[in-house]
Amino acid sequence: MSRDAHRRRRAAALSVLALAAVVAVVAGAVVGSSSGGPSRPRPHPPKDKPRPGLSLQRRVGQLLVMSFDGTSAPPYVLRRLRDGQGTGVILFAKNAPDAAITRALTSRLQRAARGTALVATDQEGGSIRSLGFSAPEASQGRMGDAAAAGQTAREAAHGLRANGVNVNLAPVADVAQAPGSVVAGRAFPGDARSVAGMATAAMRAYERERVGATAKHFPGLGRATENTDDAPVTVAASRPALEGADLVPFRAAIRAGAPLVMSSHALYPGLDPRRIASQSAAVLNTLLRKELGFHGAVVTDSIEAQAVLDRSDIATAAERSIAAGNDLILMTGSGSFNEIQPKLLARARTDPKFRATVTRAANRVLTLKKRLGLN
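A brief report on the enclosed structure follows. Because the structure is predicted, anything quoted here is derived from the model rather than measured. (Residues numbered from 1 in each chain as written. Predicted model: local features only at pLDDT ≥ 70, side-chain atom pairs only at ≥ 80, totals over all residues. Heavy atoms only, no water.)

We now examine the packing of helix H3 (residues 75–83) against helix H4 (residues 99–112). Their axes nearest at 7 Å, the elements H3 and H4 cross at an angle of 40°. One element, H3, and the other, H4, form an angle in the oblique class. Touching Val-77, Leu-78, Leu-81 and Arg-82 of H3 are Arg-108, Leu-109 and Ala-112, all from H4. For the contact of H3 with H4, the residue count by class is 5 nonpolar, no polar and 2 charged. (Axes fitted to C-alpha atoms, helices over the stretch in contact; angles between N-to-C directions. Helix = DSSP H or I, 4+ residues; strand = E, 2+ residues; numbered from the N terminus. Parallel < 35°, antiparallel > 145°, perpendicular 65-115°, else oblique. Contact = heavy atoms within 4.5 Å. Nonpolar A, V, L, I, M, F, W, Y, C, P; charged D, E, K, R; others polar.)

In structure tokens, the structure reads:
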């Protein structure tokens, strides 16, 4: 081949490569625009390998959300945060009476945790609003459409962030069309499709403010007429019925990038006839993770709920919950840590399978923290 012919062939090859690169860029832009903007990378299921420097005790600590009484954090809570024995706290109205006290409290919690604490609260709106001085005043049940739900969530998220709260245990993603629904007024109004649209708008608004929103109560509590906080609850719908309505908003929230899902303490015989959802691998690992494709963090509803206590003590319930696929145990009793942490740690030390489950859960929590901009 002559030198000129070689140069011509090489130039032609480079032109083809350049054209391919342009096509790839254009295709990527088209994909991004068709989804409403640049796509966020989806978190992959974490591996069993512990993060460097994270002892087993600290891995167990990543799973524990604590609570306390009063407007200042007790020394033992600060010590647990400092030592990695707890991952964060949940704040109630008793902890956060006004903005100044709340900011001082959350700042001290983060100093103890070196900027890594999950600080959660229930800020649904209406009567379920732990920070009574902060938005939103309106409940989810008063939202008229997705635009209103998104605007309300933006206001809520902005207020939470300003006061040092980085996780909201909302929105309620339940479909409350059943007569006497326990979440009527708390849930978005309308059918499953309407609820899905509003839940999606809320999720995206929280994401923009870097507040971790929580779709609850999976796989749906809208058919219940009692609260699991107060009594055992059975949702006697068939699996097809649940898939046709109750699961629709959760699917939408997951597609919108929900960072957290809260597991319900109700029993769903159509999914698992023996175990309540928060303690059911069939509900959490098979349905939620494998079938719906959720790879974020799963948090229990209050581990002290009556629906839980009717089945076991809280330490056993926490152990069952982690084994079933939860990543965070929500402790709403100030003394619960002393029962739950030793139980989980002892089981993790002696049971390799449970230890691997704890490690996966801790990795999911650390991924959540990174997503929220925590150190």
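Compared with the 20 Å implied by 1.5 Å per residue over 14 residues, the 20 Å span of helix H11 (residues 337–350) between its first and last C-alpha is a close match. Turning to H11, its buried residues are Phe-337, Ile-340, Gln-341, Leu-344, Leu-345 and Ala-348. Projection of H11 onto a plane perpendicular to its axis shows the buried side chains occupying an angular sector of 120°, all on one side. Facing away from the buried side of H11 by more than 90 degrees, the exposed set consists of Asn-338, Arg-349 and Thr-350. On its buried face, H11 is in contact with helix H2 (56–61), strand S1 (64–66), H3, helix H10 (314–324), strand S10 (329–330) and helix H12 (352–371). (Expected span 1.5 Å × (residues − 1). Buried < 20%, exposed > 50% of the residue type's maximum accessible area, 1.4 Å probe, protein only. Arc of directions from axis to C-beta.)

Residue alternation in strand S3 (residues 118–121) divides its side chains into two sets, Leu-118 and Ala-120 and Val-119 and Thr-121, and both sets are buried. In this structure, strand S2 (residues 88–91) lies alongside S3, joined through 4 bridges in parallel fashion. When the sheet's bridge partners are listed, Gly-88 is paired in S3 with Leu-118. Crossover connection from S2 via H4 to parallel S3: handedness right-handed. When S3 meets strand S6 (residues 167–168), the two strands line up parallel, connected through 2 bridges. When the bridges of S6 are listed, Thr-121 appears paired with Asn-168. (Pairing = 2+ DSSP bridges. Right-handed = clockwise from strand over helix to strand, strands pointing away.)

We now examine the side chain of Asn-163. Residue position: Asn-163 is located in the loop between helix H5 (146–162) and S6. A distance of 2.8 Å separates a polar atom in the side chain of Asn-163 from the backbone oxygen of Gly-159. Setting aside residues up to four positions removed in sequence, Asn-163 forms contacts with Ala-99, Thr-102, Arg-103, Thr-106, Leu-131, Phe-133 and Ser-134. (Polar contact = N/O pair within 3.5 Å; in protein donor to acceptor, adjacent residues only side chain to side chain.)

Moving on: the sheet that holds S6. With parallel pairing, the 8 strands of this open sheet are ordered in space as S9-S8-S7-S6-S3-S2-S1-S10. Both edges of this open sheet fall to strand S9 (297–300) and S10, since each of them pairs with a single strand only.

In total, this model carries 14 salt bridges according to the counting rule given. In this structure, Arg-186 and Glu-124 form a salt bridge, with 2.7 Å as the shortest nitrogen-oxygen distance. In this pair, Arg-186 sits in the loop between S6 and helix H6 (192–208) while Glu-124 sits in strand S4 (residues 123–125), placing the two residues 62 residues apart along the sequence. For the pair Arg-186 and Glu-124, a shared accessibility class is recorded, and that class is buried. The partner of Glu-207 in a salt bridge is Arg-371, with the nearest N and O atoms 2.8 Å apart. Residue Glu-207 is located in helix H6, and its partner Arg-371 is located in helix H12; the two are separated by 164 residues in the primary sequence. The exposure class assigned to Glu-207 is partly exposed, which follows from its relative accessible area of 22%. The exposure class assigned to Arg-371 is partly exposed, which follows from its relative accessible area of 25%. Through salt bridges with shared partners, a single network forms among Asp-122, Glu-124, Arg-186 and Lys-216. (Salt bridge = Lys/Arg side-chain N within 4 Å of Asp/Glu carboxyl O.)

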